[in-house]
Amino acid sequence: MEDEPVVPEPATRRSKRARAQVRTADFTRTDKIEDELEEEREESSDDLQENRRKPKRNKATEGASTSAAAARKADSSLIEVVKGDGKEIPDVVKRWVEHYDKNQKSATADLLSMLFEACGAKYCLQEEDIDMTDVDDVVVALVNMARRGEIEDYQSSKRAFKNFKDNLIYFWDNLVSECQSGPLFDQSLFDRCLDYIIALSCTPPRCYRQIASLMGLQLVTSFINVAKVLGAQRETTQRQLNAEKKKKIEGPRVESLTKRLSMTHEKITTMEEMMRKIFTGLFVHRYRDIDPDIRMSCIESLGVWVLSYPSLFLQDLYLKYLGWTLNDKSAGVRKTSVLALQTLYEVDDNVPSLNLFTERFYKRMLELADDIDISVSVCAIGLVKQLLRHQLVPDDQLSSLYDLLIDDPPDVRRAIGALVYDHLIAQKFNNSQSRSTGSDSDSSEVHIIRMLQILKEFSTDPILSLYVIDDVWDYMGGMKDWKCIIQMLLADNPSAELDDVDATNLIRLLFASTRKAVGERIVPATDNRNPHYTKAQKEIFENNKRDVTVSMMKTYPQLLRKFMPYKDKVSPLVEIIVHMNLELYSLKRQEQNFKAILKLMREAFFKHGEKDALRSCVKAIKFCATDSQGELQDFAQNQIKELEEELIGKLKSAIKDVVNGGDEYLLLVNLKRLYEFQLSHRVPLESMYQDLVHVLKSFRTIDDEVIAFLLLNMFFHVSWCLQSVLSSETVSEALLSSLVEKRDALLEQLEYFLDKPLKLHGDVSYKNQLAYRVCGILADTWCLFKRIRFASTNLEMLGYSPDESIVKKYWKMCEQLLNVSEEDEGNREYVEETNADAVMFALAKLVATDSVPKEHLAPEIISHLEKYGTSVSETVKHLVTSLKKKGDISSILVETLKMAYQRYLVALSGNDKSLSSKLFQECKSLAARLSGSYVGVARTKYKAEIMNIVKEGISYAFSHAPKQLSFLDGVVLHFVSKLPAPDILDIMRGVERRTENVKTDEDPSGWRPYYAFLDTIREKYLKNEAVKVADGKEGTSVRRRGRPRKKQDLQGKRLFDEQSSSEEDDSISGSDQDATVEEKQEDDEENVPLIHSLKASSKLRSLKVSKEDKRDQTRTVDAGRATEELTPKTSGASS
């Protein structure tokens, strides 16, 4: 195999996966069906109208109309037939062949004229000029027609030409088929056609190249069909000749067979010579055309040729083009190449001839499994499966492939799951592996053991294990063999291959498989939408739920008893019952097993103190109490009451131990149990609420985690009491007073811990946990009892609003927590409830619901926007949007900007240049983000709001001039640019009037921001005026609606440029575009909406790197990369 050309311009990778390109010339079956239905409707309507007009027709009239229709068909030109519905093509081709037999030059002229017109040029050759006309002269004339715009592009979206390309292919295929008996081998007709087609395929106009390439590629396909028929005839003749020769009798029969064999061989040789002519003259240039559709057509056709005619095309001379295009910058071309190779490897007889090709390109095939385009990646994984089936890839090369099991796109994960199942679990590709020949259960057990070996690689992360299970579940029947899994778990003498980690993974597999079987997602969906299931799918889920229940009905208690002591196993095992059909316990007389399960779950609840185990037990018990029926439901509800009593008794005993100086562990564990139980169920704590308050007041030195759960349980009890009050029709005064007393006691304790300094040192797992809890509980309590909620009602005494001093203390604690890095947050058990996101959510909730005065808290939150992480910034963004919907927020934004600027002034007064510079830059960035929300229609809608911000900002800047004048240039300027030109002029004049009697020369450096501000807005005002003058509306500000007006001197899309190739013709002028981008880059950054600006820095970085072709991504595949030995150059029209 020869060395490949080197590509000097590799294609840049996109920042995210994009869908494969779709060819505009491809037509789906649905489109054809719609066309046929519409034609039938039109025909039926025409017939109906005709019948109404002429209900009676005589035979003479019918004969005359038939003759007229036949005459019209005979008079129709070839191009008109191709443009039509295609039904007349076979008849027209037969008539043309008859015409060719009578008058070759006339028929040839008609065919070539059709060829030219199919390309879009109405160029007619005369019968007498056929032999004298030079191909190059005709092609030059056609190109000049394209330059003058005198051609028609049949690839437009016009409905009349929708099936044009399909009809054109059909025409040439019929023509080759009809010419088998003569014109195909006269070395005149098709040689002349091929010369024109090859010449047109190398011209700059894209429409010429597209249609000529289409016809040339189809001719090769049609030639192959003829050659295959001739090959079969040659084999038959050869057998007959060999049989005659065995008779050892020379005669006319042998001579006739020998002559027939020779003629057939010559015809095949002629066919192959024409195939090679098209390949060398057309394919080798167009497979690297600038148009990806042409490249796709070439590669798709080559795949068909190799598969259908391997005697000629199944060799490295042709296969290398499939390998080179695996690096094409177009995802559609890469996908086409992969699909072509996949069909080749599916034929076992082709594999020996593909050895050298595979050795050369298999690494690239593996890389494409992680292609930037999802559809290419999925197809490449299917190709890798074929390579593994033939054992052409060493196993040590597959490690990067298995990492895709936890990749984001679900389609890629499913494809890898199928590969993993076939290769590692079912081991379909390993002939040396002994396969199980026992029962289905034995086969399932073998597959499950192999699956456990894979899961062991992800045993430290249960979430990753779920991804692997989800990927393989559709293909592995052993996961649905519930009895086999349960037998493996209950085995008294487990296999030596199964250890404790395998038992944990097997329980996780059982739980995940159960959820999948009943239609529940086990991994997050990318669209976050609820799945929609058909009636048939729902029936399948119900049948699966029944099968799971029947399989576990008798063995479930045994599983619980065996694995109850293990905290990592009990949680998924207990929660399986949520996906079972409890009604079957009554129908099948298994009440005792149901009761045993509930008792074991209650026992597990008191045996463990971890969040997952407790939460699963509560969920399972509650499910049994609500979804069971009759006697079983009563039993489950009694179990809940007994659990309440036992829990309260254990909690009282633990409190007594702490009061007597005992250990705090039992108190902590039972507080956790109570917290998890109260999340979904009200527990009567009236008798011991004061005990909880007493512990908090009397034992200030107990562990922070114990204090946090004491406060949590007090809050939930108060919340349940409030819900009871709100849901009751009549409420006594005593009950309200009791609730207010409990609320005040809770708030008193929370406010006490506001003054407690944060625990910034020590064990990471408990660091700041109490502070996080205090922030969350306080916010929830203030929201529940906000004063405006109960104002002017009978429950007005429940209303509460915190003092301003308390709110400021609250903010100080939250501010410290928001500055804690994610690394310092640790891997706590309740980390999702005790992190920066939870703190910001609490703050935003207070402001958005008007639970506290927002005039102070809202500016504090927004002013620190530049310091927050991405997820926290998203919450702030939604908060600003929510506040805007409620009314004018100009005062809040002004106060926000003042706070940010004030921090800069403080740092500036401390002579810390580095810090002051950083804070000023943060202030400018904050102003840019906030002003970025006023774009488009928002400029007009919130014009008054923007004006207020500008005026207040100017007043603030001049309140301590020139000390605060940098506020103009750094902050106010961003909002000024959002105003119309007349308002900008008024603002500029107002600012100038402020300095009429001021001697700015005394402090030039101090007044420099003032002059910079004026110069900038003057420039912006003049720029807007210039735009209005250009529109012919000087002196007025009129807003034009709709699309921007196009320039009158813009040229249309050129089909030909004598100074450029087709590649230059189709390229976009980079200089003008780059100049425009660079000229407006600063304005674009300022105009970014707040909804997008939170991710602006990363987006701008990726755009700039993309522009410089230096994108560095984590994925392993660069679709446009040109390696030294793999990708040929993508050229234009001339090669």
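None of the values given here were measured: they were computed from a predicted structure. (Residues numbered from 1 in each chain as written. Predicted model: local features only at pLDDT ≥ 70, side-chain atom pairs only at ≥ 80, totals over all residues. Heavy atoms only, no water.)

Trainee: So what about the overall build of the protein chain? Which residues, and what values?
Mentor: When helices and strands are counted, the protein chain shows 50 helices and zero strands. Residues classed as buried in the protein chain amount to 49% of the 1135 residues present. Partitioning the contacts of the protein chain with sequence separation of at least 6, the portion at a separation of at least 24 is 75%. Element-wise, carbon and sulfur atoms account for 48% of the exposed surface of the protein chain, whose accessible area totals about 56800 Å². (Helix = DSSP H or I, 4+ residues; strand = E, 2+ residues; numbered from the N terminus. Buried < 20%, exposed > 50% of the residue type's maximum accessible area, 1.4 Å probe, protein only. Contact = heavy atoms within 4.5 Å. Areas by Shrake-Rupley, 256 points an atom, 1.4 Å probe, with all protein chains shown as cover.)

Trainee: Describe the confidence of the model for the protein chain, naming the residues involved and giving the relevant values.
Mentor: Detailed conclusions should not be drawn from predicted coordinates in areas where pLDDT is low. In this model, the protein chain carries an average pLDDT of 80, and 79% of its residues clear a pLDDT of 70 or more. A low-confidence stretch, residues 1–71 (pLDDT under 50), is modelled with 96 contacts involving residues beyond four sequence positions or located in other chains. Counting contacts from residues 1027–1135, a segment whose pLDDT is below 50, to residues more than four positions away or on other chains yields 177 contacts. (pLDDT = per-residue confidence, 0-100.)

Trainee: How would you summarise helix α34 (residues 769–784) if you had to cite specific residues and measurements?
Mentor: Here α34 contains 16 residues, and its C-alpha end-to-end distance of 23 Å stays within 8% of the 22 Å for a straight helix at 1.5 Å per residue. The buried fraction of α34 is high, at 13 of 16 residues. (Expected span 1.5 Å × (residues − 1).)

Trainee: Give a detailed account of unusual backbone geometry, specifying residues and quantitative values.
Mentor: A cis amide bond links Ala961 to the next residue, Pro962, at an omega of 0 degrees. Within the chain, Ser792 stands out as a residue other than glycine whose phi angle is a positive 60 degrees. Within the secondary structure, Ser792 is located in the loop between α35 (787–790) and α36 (804–818). Looking at Ser792, the relative accessible area reads 74%, which means it is exposed. With phi around 60 degrees, Asp850 is a residue other than glycine that occupies positive phi space. Structurally, the position occupied by Asp850 is in the loop between α37 (836–848) and α38 (854–863). The exposure class assigned to Asp850 is partly exposed, which follows from its relative accessible area of 33%.

Trainee: Break down helix α13 (residues 316–324) for me, with residues and values.
Mentor: Along an α-helix, residues three or four positions apart point the same way, because every turn accommodates 3.6 residues. The element α13 is extensively covered by neighbouring structure, given that eight of its nine residues are classed as buried. Looking only at α13, the buried set comprises Asp316, Tyr318, Leu319, Lys320, Tyr321, Leu322, Gly323 and Trp324. Lining the buried residues of α13 we find α10 (252–286), α11 (292–308), α12 (310–313), α14 (331–345) and α15 (355–368).

Trainee: Summarise the packing of helix α5 (residues 104–118) against helix α7 (residues 164–178); cite the residues concerned and give the values.
Mentor: Two elements in contact, α5 and α7, have axes separated by 12 Å at closest approach and are oriented at 155 degrees. Put simply, α5 runs roughly antiparallel to α7. α7 is crossed by α5, and the crossing has left-handed handedness. Each of Leu111, Met114, Leu115 and Ala118 in α5 lies in contact with α7, whose residues at this interface are Phe164, Leu168, Phe171, Trp172 and Leu175. Considered class by class, the residues forming the contact of α5 with α7 number nine nonpolar, no polar and no charged. (Axes fitted to C-alpha atoms, helices over the stretch in contact; angles between N-to-C directions. Parallel < 35°, antiparallel > 145°, perpendicular 65-115°, else oblique. Left-handed = near helix turned anticlockwise from the far one by under 90°. Nonpolar A, V, L, I, M, F, W, Y, C, P; charged D, E, K, R; others polar.)

Trainee: Kindly report on the side chain of Ser571, identifying the contributing residues and their values.
Mentor: Along the chain, Ser571 turns up in helix α25 (residues 567–575). Classification of Ser571 by relative accessible area gives buried; the value is 12%. Only 3.2 Å separates the side chain of Ser571 from the backbone oxygen of Asp612, close enough to count as a polar contact. Within polar-contact distance, the side chain of Ser571 engages the side chain of Ser616 at 2.7 Å. Beyond its immediate chain neighbours, meaning those up to four positions away, Ser571 contacts Asp612, Ala613 and Ser616. (Polar contact = N/O pair within 3.5 Å; in protein donor to acceptor, adjacent residues only side chain to side chain.)

Trainee: Explain the nonpolar core to me, and be specific about the residues and the numbers.
Mentor: If you look at the biggest cluster of nonpolar residues, it comprises 334 residues, and the most contacted ones within it are Trp172, Phe283, Phe313, Tyr556 and Tyr810. The greatest single-element share of this core, amounting to 15 residues, is contributed by helix α32 (residues 704–727). In this structure Phe313 touches Val220, Ile224, Met275, Phe279, Trp305, Val306, Tyr318 and Leu319, once residues within four positions along its chain are discounted. (Core = buried A, V, L, I, M, F, W, Y, C linked by side-chain atoms within 4.5 Å.)

Trainee: Got a sec to walk through the pattern of salt bridges? Specific residues and values, please.
Mentor: This structure, assessed with the given rule, holds 45 salt bridges. Measuring nitrogen to oxygen at the nearest pair gives 3.9 Å for the salt bridge that ties Arg253 to Glu244. The class for Arg253 is partly exposed, based on a relative accessible area of 42%. Where Lys428 meets Asp422, a salt bridge forms, and the shortest distance between an N and an O atom there is 3.3 Å. (Salt bridge = Lys/Arg side-chain N within 4 Å of Asp/Glu carboxyl O.)

Trainee: How would you explain the environment of Glu804 if you had to name every residue and give the values?
Mentor: By secondary structure assignment, the location of Glu804 is in helix α36. The exposure class of Glu804 is exposed, given its relative accessible area of 54%. Sequence-wise, Glu804 and His856 are 52 residues apart; in three dimensions their C-alpha atoms are separated by 8.8 Å.

Trainee: Describe the packing of aromatic side chains, with residues and values.
Mentor: In this structure the tally under the stated criterion is 38 aromatic pairs. Taken together, a centroid distance of 4.9 Å and an interplanar angle of 40 degrees make the contact between Phe357 and Phe361 tilted. Of this pair, Phe357 and Phe361 both sit in helix α15, four residues apart, which is roughly one turn of that helix. Across the pair, Phe361 and Phe357 agree in class, each one buried. Here Tyr956 and Phe967 contribute two aromatic rings whose centre-to-centre distance is 4.9 Å and whose plane-to-plane angle is 70 degrees, an arrangement assigned as edge-to-face. With Tyr956 in helix α43 (residues 943–959) and Phe967 in helix α44 (residues 966–976), this pair connects stretches of sequence that are 11 residues apart. In this pair, the class of Tyr956 matches that of Phe967, namely buried. Grouped by ring-pair contacts, the aromatic residues Phe279, Phe283, Tyr287, Trp305, Phe313, Tyr318, Tyr321 and Trp324 constitute a single cluster. When the ring centre of Trp473 is taken as reference, the NZ or CZ atom of Lys480 above it lies at 4.2 Å. Above the plane of the ring of Tyr752 lies Arg700, whose end atom (NZ or CZ) is 3.8 Å from the centre. (Phe/Tyr/Trp six-rings, centres within 6.5 Å; stacked < 30°, edge-to-face > 60°. Lys NZ or Arg CZ within 6 Å of the ring centre and 35° of its normal.)

Trainee: Outline the state of the cysteines, supporting the account with residue identities and numerical values.
Mentor: Here a disulfide denotes a covalent bond joining the sulfur atom of one cysteine to the sulfur atom of another. Here the structure, examined in full by the defined rule, presents zero disulfides. The thiol of Cys775 is not disulfide-bonded; the next cysteine sulfur, from Cys814, is found 3.5 Å away. Take Cys775: its relative accessible area is 1%, and that puts it in the buried class. (Disulfide = S-S within 2.5 Å.)

Trainee: Could you give an account of the environment of Leu326, with specific residues and numbers?
Mentor: Residue position: Leu326 is located in the loop between α13 and α14. Judged by relative accessible area, which is 0%, Leu326 ranks as buried.

Trainee: How would you summarise the side chain of Ser301 if you had to cite specific residues and measurements?
Mentor: Its place among the elements puts Ser301 in helix α11. When its relative accessible area of 14% is taken as the criterion, Ser301 is described as buried. Reaching out from Ser301, the side chain makes a polar contact with the backbone oxygen of Ser297 at a distance of 2.8 Å.

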